[in-house]
Amino acid sequence: MLAIALRSGWVAVLEPLALFNAASAVTAPAAAALGPPPRTARLFLDSGRSSPGPSKARVRRRKSVTTCSIALTDGLGGQESIGDGDNFNGAAVEKEEEKFTLSRFGAGILEDAKRRYKHYLSDFTDGVHPKAAAATFFLYFACLTPCLAFGGLMATVTGNSIGVVESLIGTAVSGVLYAMLAAQPLTLLGPTGLMVIFTGLLYKATVELGLPFLPVYGWVGLWSFAFLFVLAAVEASNLSIGALFKASSPFSTATALLSFVLAGGTWILSTFLTQMRSSRLLVPSVRNALSDFGPPLAILLMSLVPPILFPGVVIPELPIPSGIATTSGRPWIVPFFSVPAWVIAASSIPAALLTLLIFLDQNITSRLINDPKNKLKKGEGYHLDLFVLGALMAVGSLFGLPWMVASTVPSLSHVRSLSTISKSISISGENSDIPDETVVGVIENRLTGVTIHVTSGLFLYMGFTSLSGNQFVERLKLWVYDPELYPEYDFTKSVPRAVLHGFTALQLVCLTTLWTLKKTSWGITFPLLILALMPIRNYVAGSLFSREHLNIMDSH
């Protein structure tokens, strides 16, 4: 019942913008990301070449230093920084990594399993907690909404070869198995805009070449699993990486207008409810409940508007079969060997691009979740997680299901919803009225991830809350602000305006190039441009602007 008129636009605009903002700042194990509901994150890493400063969180390897600065915007109404410059109050993380040799092939996966599986039983018993139940209820809707909307988009870009049913089944099966088998069960899998874009470009390529889509799709998934397995086996997650129509419609202008109103209303109502926690209205228990369940409540309330107030206006609905069947009516098993041998071999080329995209996304999400400031105690397992993710992709490819990847913002929301947070307020200073939030502990468990996995208005809400606090967007706004009235950010105080606007212009050029490439026949190669953003940040920006100024902008 919710509006879907803006769905394509927001997915197409917000995903590449967030992806760019993440990738353009990356200078090592991965960057930062966006993805929908309540939080977005930006991770800046600088590998080996130098350390930006003693105040950054550090992960030292034998011959390289990786420094990170993470800024998170909480869509539930607050903003916090993790490892952000001088505000980072977690202890430096010192980790000696054994140098990889061929004799260690696969050893990292086994070590991750040994380290993490010893907590397996407590991962379930710890999940029996009221906070875990509340997190499950909230995140169920937060995960279901993008699943349905991206499933509808997938049907559009693949000619109904993959649609809502496949998206629902893929999310449920992959989510449950990942929560059961992965080293870090707090990571949530789901469809993302980048996977929809990649799949759509792959479909377009197969149509132009006169090839059947699903067999090619399946082989790309299997090749990608093979590549991800090798990356996991050689412990690639420890490596420093230098430094994404025009058709007739039965719906009227009234439909489009109502769709816009419903989408905007859902976003406004979601924002209002999630900010109730800091409001003076009602009693604390009611405020907290409304804040925790603001988005699903907004969806429910706005879904009642069309049938009650506008019964005569037709609102488009997602096409979902009444039974468990594929969207197009095709058999569930993909006919892998209906294509010639050269197609099987050639599928490894787009698979390599897909692997690059997934590897970056997985490491971004995993490192943000395992940040020391979250005070997780049961350990991480980057190599095991990558292997499990690849295996689930292979299984999904057999049945023509969407590729599920680590969904950054829902995963961070998962951690946030399971966190116990301490707030303190300074009695003096310029930030005396801003509460300082510190994570005391997180309920690390597998139960919420399992149960979470057993419409577009929320997308709008997630998109805007993701952009809120995004430094690239904030710096773009400065182009039209009175210089005398700039917000009080570190970079506005310490960085000359010419440098500030020059760096923003460079980022805007990269974003425009990424967007343009996606629209061309070479669009499927956009992961390579994402990778190219890293040396652009390190060397091009590094030659144009001073390291001191770049570090100040990175640390915001």
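The structure this text deals with has already been given above.
Nothing here was measured: the structure is a model prediction, and the numbers come from that model.

Undergrad: For unusual backbone geometry, give the residues involved together with the corresponding values.
TA: Even without a glycine there, the phi angle at Glu235 is positive, about 60°. Within the secondary structure layout, Glu235 lies in the loop between α7 (213-233) and α8 (253-274). Note on Glu235: relative accessible area 4%, which makes it buried. We note that Lys375 has phi near 55°; this positive angle belongs to a residue other than glycine. Summarising the element assignment, Lys375 is placed in the loop between α13 (348-369) and α14 (382-398). Using a relative accessible area of 32% as the deciding quantity, one classes Lys375 as partly exposed.

Undergrad: So, helix α15 (residues 408-417): which residues are in play, and what are the values?
TA: Among the 10 residues of α15, 10 are classified as buried, and the element is accordingly described as predominantly covered. Within α15, the full set of buried residues consists of Thr408, Val409, Pro410, Ser411, Leu412, Ser413, His414, Val415, Arg416 and Ser417.

Undergrad: Requested: an account of a nonpolar patch on the surface, with residues and values cited.
TA: Taken together, the side chains of Phe272, Leu281, Leu282, Val283 and Val286 define a hydrophobic patch exposed on the protein surface, amounting to about 440 Å² of accessible area. Considering the arrangement of structural elements, one finds Phe272 in helix α8.

Undergrad: Tell me about the packing of α13 against α15, residues and numbers included.
TA: The N-to-C vectors of α13 and α15 enclose an angle of 15°; their axes lie 10 Å apart at closest approach. On the basis of their axis angle, the class for α13 and α15 is roughly parallel. Classified by chirality, the crossing of α15 by α13 is right-handed. Along its contact with α13, which presents Asp361, Ile364, Thr365, Leu368 and Ile369, the element α15 presents Thr408, Ser411, Leu412 and Val415. Residues of the contact of α13 with α15, tallied by class, amount to 5 nonpolar, 3 polar and 1 charged.

Undergrad: Can you tell me about helix α10 (residues 294-303), naming the residues and giving the values?
TA: Of all 10 residues in α10, 7 are buried; the element is thus mostly enclosed. Within α10 the residues assigned to the buried category are Gly294, Pro295, Pro296, Ala298, Ile299, Met302 and Ser303.

Undergrad: I'd love a proper account of the nonpolar core, names of residues and values included.
TA: Counting 56 residues, the largest nonpolar core has Leu202, Leu354, Ile358, Trp403 and Phe526 as the members making the most contacts within it. Shared between two domains, this core takes at least three residues from each, and those domains are domain 1 (107-240 + 325-425 + 435-460) and domain 2 (467-553). By size, the runner-up hydrophobic cluster in this structure holds 13 residues, among which are Phe491, Val495, Ala541 and Phe545.

Conventions and cut-offs
- Numbering of residues starts from 1 in each chain and follows the order in which that chain's sequence is written.
- Only residues with pLDDT of 70 or above have their local features reported here, since the model is predicted, and side-chain atom pairs are shown and tallied only from 80 upward, although totals for entire chains, interfaces and linings are computed over all residues.
- Only heavy atoms go into the side-chain values, all of them from the structure, while hydrogens and water stay out.
- The helix count covers DSSP runs of H or I at least four residues long, the strand count covers runs of E at least two residues long, and both are numbered beginning at the N terminus.
- Partly exposed residues are those whose accessible area sits between 20% and 50% of the maximum for their type, while under 20% is buried and over 50% is exposed, using a 1.4 Å probe and protein chains only.
- Patch members must show over 30% relative accessible area and no salt bridge, and they are joined within 9 Å when carrying like charges or within 5 Å when they are nonpolar side chains of Val, Leu, Ile, Met, Phe, Trp or Tyr.
- In short, Shrake-Rupley with a 1.4 Å probe defines the accessible areas, and a residue's cover is counted only from the protein chains shown.
- We define a salt bridge as a side-chain nitrogen of Lys or Arg found within 4 Å of a carboxyl oxygen belonging to Asp or Glu.
- Interaxial angles span 0 to 180 degrees and are taken between N-to-C directions of axes, which are lines fitted to C-alpha atoms, for helices over the stretch in contact.
- An angle below 35 degrees is read as roughly parallel, one above 145 as roughly antiparallel, one from 65 to 115 as roughly perpendicular, and any other as oblique.
- By definition, any crossing whose near helix is turned counterclockwise from its far helix by less than a right angle is left-handed, and any crossing with a clockwise turn is right-handed.
- We call two residues in contact whenever any of their non-hydrogen atoms come within 4.5 Å of each other.
- Put simply, Ala, Val, Leu, Ile, Met, Phe, Trp, Tyr, Cys and Pro go in the nonpolar bin, Asp, Glu, Lys and Arg in the charged bin, and everything else, Gly too, in the polar bin.
- The nonpolar core is taken to be a set of buried Ala, Val, Leu, Ile, Met, Phe, Trp, Tyr and Cys residues, with the residues joined through side-chain atoms within 4.5 Å.
- Segmentation into domains, and thus their bounds, comes from an automatic or database assignment.

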